[in-house]
Amino acid sequence: PLNELRLSQLLPPRDMSALEQAKQQEYATLRANQKVYKECVTSIMENKLDALKDALDKCLLELGPQYGPQDVVLGFQSEGQTLLHLAASSGHADILEYVLSLVPPEQRKRAVNQQDQRGKSPLLNATIAESAEGMRLLLAAGADVNLKNK
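Cut-off values and rules
Per-chain numbering applies: the sequence of each chain, read as written, is numbered from 1 onward. The predicted origin of the model limits local features to residues at a pLDDT of at least 70 and limits the giving and counting of side-chain atom pairs to 80 or more, whereas totals for whole chains, interfaces and linings rest on all residues. Side-chain numbers here rest on the full set of heavy atoms in the structure, without hydrogens or water. Working definition: rings of Phe, Tyr and Trp (its six-membered ring) pair if their centres are within 6.5 Å, and the pair is stacked with planes under 30 degrees apart, edge-to-face with planes over 60 apart, and tilted otherwise. Counting as a charge over the ring demands two things of the Lys NZ or Arg CZ atom: a distance within 6 Å of the ring centre and an angle within 35 degrees of the ring normal. Secondary structure counts use DSSP, requiring at least four H or I residues in a row for a helix and at least two E residues in a row for a strand, with both numbered from the N terminus. Only heavy atoms matter for contacts: two residues are in contact if any of them lie within 4.5 Å across the pair. Only the stretch in contact is used when a helix axis is fitted, and all axes are lines through C-alpha atoms; the angle between N-to-C directions ranges over 0 to 180 degrees. Orientation is classified from the angle alone, with under 35 degrees giving roughly parallel, over 145 giving roughly antiparallel, 65 to 115 giving roughly perpendicular, and any other angle giving oblique. By convention the crossing between two helices is left-handed if the near helix lies anticlockwise of the far one by an angle smaller than a right angle, and right-handed if it lies clockwise. Under this grouping Gly is polar, as are all residues other than the nonpolar Ala, Val, Leu, Ile, Met, Phe, Trp, Tyr, Cys and Pro and the charged Asp, Glu, Lys and Arg. One less than the residue count of a helix, multiplied by 1.5 Å, gives the span that helix is expected to have. The classification of residues rests on relative accessible area computed with a 1.4 Å probe and restricted to protein chains. Under 20% of the type maximum is buried, over 50% is exposed, and intermediate values are partly exposed. Directions pointing from the helix axis toward each C-beta atom define the arc.

## Considering the packing of aromatic side chains
Moving on, step 1. Under the criterion given, the structure shown has 1 aromatic pair.
Moving on, step 2. Over the ring of Tyr98 we find Lys53; its NZ or CZ atom is 5.2 Å from the centre of that ring.

Here it is in structure tokens:
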């Protein structure tokens, strides 16, 4: 549900610096801005790239300079689905390409293989959406075709 949005724990604590751990813990205690999240979701599903960029910019302004776009893309979740999952399921390759570009290269492989609460990865979402271009983008970013659905 939207009232339970939290920052995902993409990296196990042992892989994170103390600063990153503090940042993740601090942010995890904050409630996500539901209005901005809804704007992001609507923009993704309606293929409105400029509106998505505006919503993400608005969110980053509210969060402050210590957070980056990847924190929003991977941190806003509903039932474990990140904005990356939603972009993959939308079938809009330009949206997915933009959202992927916001994830730093060193985090992409983990992000594209992250499973939601139902065990779906972004690649599975793109496959269900029958988006060949989306699948190609996710595979190029390191998606694992052998990842088992939970």
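After presenting the structure, the write-up continues.
## Notes on the environment of Leu137
Moving on, step 1. Among the secondary structure elements, Leu137 is positioned in helix 9 (residues 132-140).
Moving on, step 2. Separated by 25 residues in sequence, Leu137 and Val112 have C-alpha atoms that sit 9.9 Å apart.
Moving on, step 3. Setting aside residues up to four positions removed in sequence, Leu137 forms contacts with Ala93, Leu96, Glu97 and Leu100.

## Topic: the packing of helix 3 (residues 49-63) against helix 6 (residues 93-101)
Moving on, step 1. Two numbers describe how helix 3 lies on helix 6: the axes approach to 10 Å, and their chain directions differ by 25°. On the basis of their axis angle, the class for helix 3 and helix 6 is roughly parallel. Regarding helix 3 and helix 6, the two cross each other, and that crossing is right-handed. Contacts between helix 3 and helix 6 pair Leu49, Leu52, Lys53 and Leu56 from the former with Ile95, Tyr98 and Val99 from the latter.
Moving on, step 2. Classifying every residue of the contact of helix 3 with helix 6 gives 6 nonpolar, no polar and 1 charged.

## Brief notes about helix 3
Moving on, step 1. For helix 3, with 15 residues, the first-to-last C-alpha span of 21 Å sits near the 21 Å given by 1.5 Å per residue.
Moving on, step 2. For helix 3, the full list of buried residues reads Leu52, Ala55, Leu56, Cys59, Leu60 and Leu63. The buried side chains of helix 3 occupy one side of the element, clustering within an arc of 135° when seen end-on. Across helix 3 from its buried face, at more than 90 degrees, point the exposed residues Asp50, Asp54 and Leu61.
Moving on, step 3. Phi turns positive one or two residues past the end of helix 3, at Gly64, with a value near 105°.

Purely geometric stuff here, so don't read any function into it on its own.
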